[in-house]
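Chain residues, written in single-letter form:
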Amino acid sequence: MTAVTIGKFDGFHKGHRLLLSRLKELSDQGMKTAVIRIGFPGQRILSQEEDLELLQEYGSPELIILSFTEELAAKTPEAFIRDILERFPDLSAIIVGRDFHFGVGRSGNIDTLSRLGVKYGFRLMAVEKLKIGDAVVSSSWIRELLHRGEICFAEDLLGHPIRLTGEVRHGKALGRTLGFPTINLIPPEDKMLPCNGVYRSEVFLPEEPDKIYTGLTNIGLRPTVEESEQVTMETFIKDYSGDLYGQVVTVHPCEFIRPEMHFSSVEELVTQMKKDLKSL
């Protein structure tokens, strides 16, 4: 027997975890489990690698990604469910949030799903939405917080930290010439970045996995030193002088310090960087 949960699951926030917990209960009872994620284009709060890592906490259910194509959008609610049944003929339970809509024009809801459950022999488990006050915890709310640099609040809704992991690449070494050597990190392309600006950060190095370094991270276009349309991510690591080129490093931007700024000279930039370092 198989149980599935269906949704966008962008970030696997605390509301999503209510669904995953119910799924884990069925897994503990011996059912096979799967997470069916509707994949929309664009960057996500968690990369796919992070999705898989988080799902290990819930029994490592199979992750199935259904791209939101015109064909998928045109399916009737029943055709959508029949596709799931074709993949899982032994489907026993579907877990969704109470505001779940599916099928062409979002015409299907939990009442539709309940009727289809009677017809096709699976159980519907509808979970109440998680609220803080009168506000429903949602991925769109978390994205808005990240766009404003409100990292702590976003992480509270997510239930896990925002971490940016990638390979350290060679840059122009300008930071080194200014007295602030930085690492240039290339996070996954599917990973959403917080808003441009300077952040107090925690840095995790592969050579010292149990140690947390403190750093300053700049996310942005570096308007003072070059004209660019490509967002870059540079981190100065306090009390570290090793060579990290080619290694995979994780940065946790844990506190927004200030927005990215254009300075009239490199000297003004250096003065501001010294002020930023005092926050560490």
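Please read these numbers as outputs of a predicted model, since none were measured by experiment.

Conventions we followed
Residues numbered from 1 in each chain as written. Predicted model: local features only at pLDDT ≥ 70, side-chain atom pairs only at ≥ 80, totals over all residues. Heavy atoms only, no water. Buried < 20%, exposed > 50% of the residue type's maximum accessible area, 1.4 Å probe, protein only. Helix = DSSP H or I, 4+ residues; strand = E, 2+ residues; numbered from the N terminus. Pairing = 2+ DSSP bridges. Right-handed = clockwise from strand over helix to strand, strands pointing away. 1 Å grid on protein atoms, 1.4 Å probe; cavity = no way out; pocket = protein on both sides within 12 Å on 5 of 7 lines; lining within 4 Å. Points joined across faces, edges and corners; volume = space filled by probe spheres on them. Nonpolar A, V, L, I, M, F, W, Y, C, P; charged D, E, K, R; others polar. Core = buried A, V, L, I, M, F, W, Y, C linked by side-chain atoms within 4.5 Å. Salt bridge = Lys/Arg side-chain N within 4 Å of Asp/Glu carboxyl O.

Engineer: In this structure, what is going on with the pairing of strand β1 (residues 2-7)? I would like to understand it.
Structural biologist: Within a regular beta strand, the side chains point alternately toward one face of the sheet and then the other, so they alternate between its two faces. Within β1, 6 of the 6 residues are buried, leaving the element largely enclosed by the surrounding structure. Burial along β1 is two-sided: Thr2, Val4 and Ile6 and Ala3, Thr5 and Gly7, pointing in opposite directions, are all buried. Bridging between β1 and strand β4 (residues 91-97) involves 4 bridges; their strand directions are parallel. Among the inter-strand pairings, Thr5 is bridged to a residue of β4, identified as Ile95. Looking at chain direction, β1 and strand β2 (residues 32-39) are connected through 6 bridges and run parallel. When the sheet's bridge partners are listed, Ala3 is paired in β2 with Thr33. Read as a crossover between parallel neighbours, the route from β1 over helix α1 (residues 14-28) to β2 is right-handed.

Engineer: What should I look at first to understand the layout of surface pockets in this one?
Structural biologist: A probe as big as a water molecule, rolled over the atoms, marks out the empty space that is left. Considering only enclosed or pocket space, the largest pocket measures out at about 970 Å³ in volume. Together, 38 residues line the largest pocket, and Gly7, Lys8, Phe40, His101 and Arg106 are the ones closest to its centre. For the lining of the largest pocket, the secondary-structure elements that each account for two or more residues are β1, α1, α3 (70-73) and α6 (139-147). A class-by-class count of the residues in the lining of the largest pocket yields 16 nonpolar, 13 polar and 9 charged.

Engineer: Just checking my understanding: could you explain the nonpolar core for this structure?
Structural biologist: Soluble globular proteins tend to bury their nonpolar side chains together. One finds Ile142, Leu146, Val203, Leu205, Ile237, Leu244 and Val249 to be the most contacted residues of the largest nonpolar core, which totals 29 residues. Counting residues in hydrophobic clusters, the runner-up holds 21 residues, among them Val4, Ala34, Phe88 and Leu91.

Engineer: When you look at the pattern of salt bridges in this model, what are you seeing that I'm missing?
Structural biologist: Side-chain pairs of opposite charge can arise where the charged atoms are in close proximity. Taken as a whole and assessed by the stated rule, the structure comprises 18 salt bridges. Between Lys191 and Glu50 there is a salt bridge; the shortest N-O distance is 2.9 Å. Placement of Lys191 in the loop between β9 (182-186) and β10 (197-205) and of Glu50 in helix α2 (residues 48-55) is noted, with a sequence separation of 141 residues between them. Under the relative-accessibility criterion, Glu50 is labelled buried at 18%. Within this structure, Arg37, Arg44 and Asp51 form a network of salt bridges that share partners.

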